[in-house]
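Survey of secondary and tertiary structure
In case you want the letters, here they are:
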Amino acid sequence: MKDQELRDNHGRLLGKIKELNNGRLELRDHMGRLKGTYDPRANKTRDHMGRLVGKGNLLTTLL
């Protein structure tokens, strides 16, 4: 997966999802602040504090 930019209807950058070397996905907002991570092996999404958000890739719900 390539890095993915998330934009609103007006083309403004909301955040970016980046694939890390360990296979996890990391979501950062438009200011570069970590919003959460998704681990496909465990199929769990966690917020920036490491708290479980839910099962599956729920990164976009953290924006």
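Now for a description of the structure that goes with this document. (Residues numbered from 1 in each chain as written. Predicted model: local features only at pLDDT ≥ 70, side-chain atom pairs only at ≥ 80, totals over all residues. Heavy atoms only, no water.)

1. Some remarks on the pairing of strand β4 (residues 34-39)
Alignment of strand β3 (residues 25-29) against β4, held across four bridges, turns out to be antiparallel. Counterpart to E26 in the pairing with β4 is T37. Hairpin geometry of β3 and β4 is characterised by an intervening segment of four residues between the two adjacent antiparallel strands and by a positive phi of about 90° at G32. Inspection of the sheet shows β4 paired to strand β5 (residues 44-47) by four bridges, in the antiparallel sense. Bridge pairing in β5 places G36 opposite D47. Hairpin connection from β4 to β5: four residues lie between these consecutive antiparallel strands, with N43 at a positive phi of about 55°. (Pairing = 2+ DSSP bridges. Helix = DSSP H or I, 4+ residues; strand = E, 2+ residues; numbered from the N terminus.)

2. Concerning the sheet that holds strand β6 (residues 52-55)
Within the open sheet, the six strands sit side by side as β1-β2-β3-β4-β5-β6. Their pairing is antiparallel. Pairing within the sheet leaves two strands with one partner each, and these edge strands are β1 (4-7) and β6. Each neighbouring strand pair of the sheet contributes to a mean axis angle of 20°, computed without reference to strand direction. (Axes fitted to C-alpha atoms, helices over the stretch in contact; angles between N-to-C directions.)

3. Notes on the environment of L63
Tracing the backbone shows L63 in the segment after β6. With relative accessibility at 43%, the residue L63 sits in the partly exposed group. Taking the C-alpha atoms as reference, L63 lies 9.6 Å from L6; in sequence the two are 57 residues apart. For L63, the contacting residues outside a window of four places in its chain are L6, L14, L27 and D29. (Buried < 20%, exposed > 50% of the residue type's maximum accessible area, 1.4 Å probe, protein only. Contact = heavy atoms within 4.5 Å.)

4. Things to note about the side chain of T45
The residue T45 is located in strand β5 in this model. The exposure class of T45 is buried, given its relative accessible area of 0%. At a separation of 2.9 Å, a polar atom in the side chain of T45 contacts the main-chain amide nitrogen of L58. Sequence-distant contacts of T45, defined by excluding residues within four places in its chain, comprise T37, Y38, R51, L52, V53, G54, G56, N57, L58, L59 and L62. (Polar contact = N/O pair within 3.5 Å; in protein donor to acceptor, adjacent residues only side chain to side chain.)

5. As for the environment of E26
For E26, the location among the structural elements is in strand β3. Judged by relative accessible area, which is 14%, E26 ranks as buried. C-alpha separation for the pair E26 and R46, spaced 20 residues apart in sequence, amounts to 9.8 Å. In this structure E26 touches K16, I17, K18, L20, L34, G36 and T37, once residues within four positions along its chain are discounted. Polar contacts involving the side chain of E26 include one to the side chain of R28, which spans 3.0 Å.

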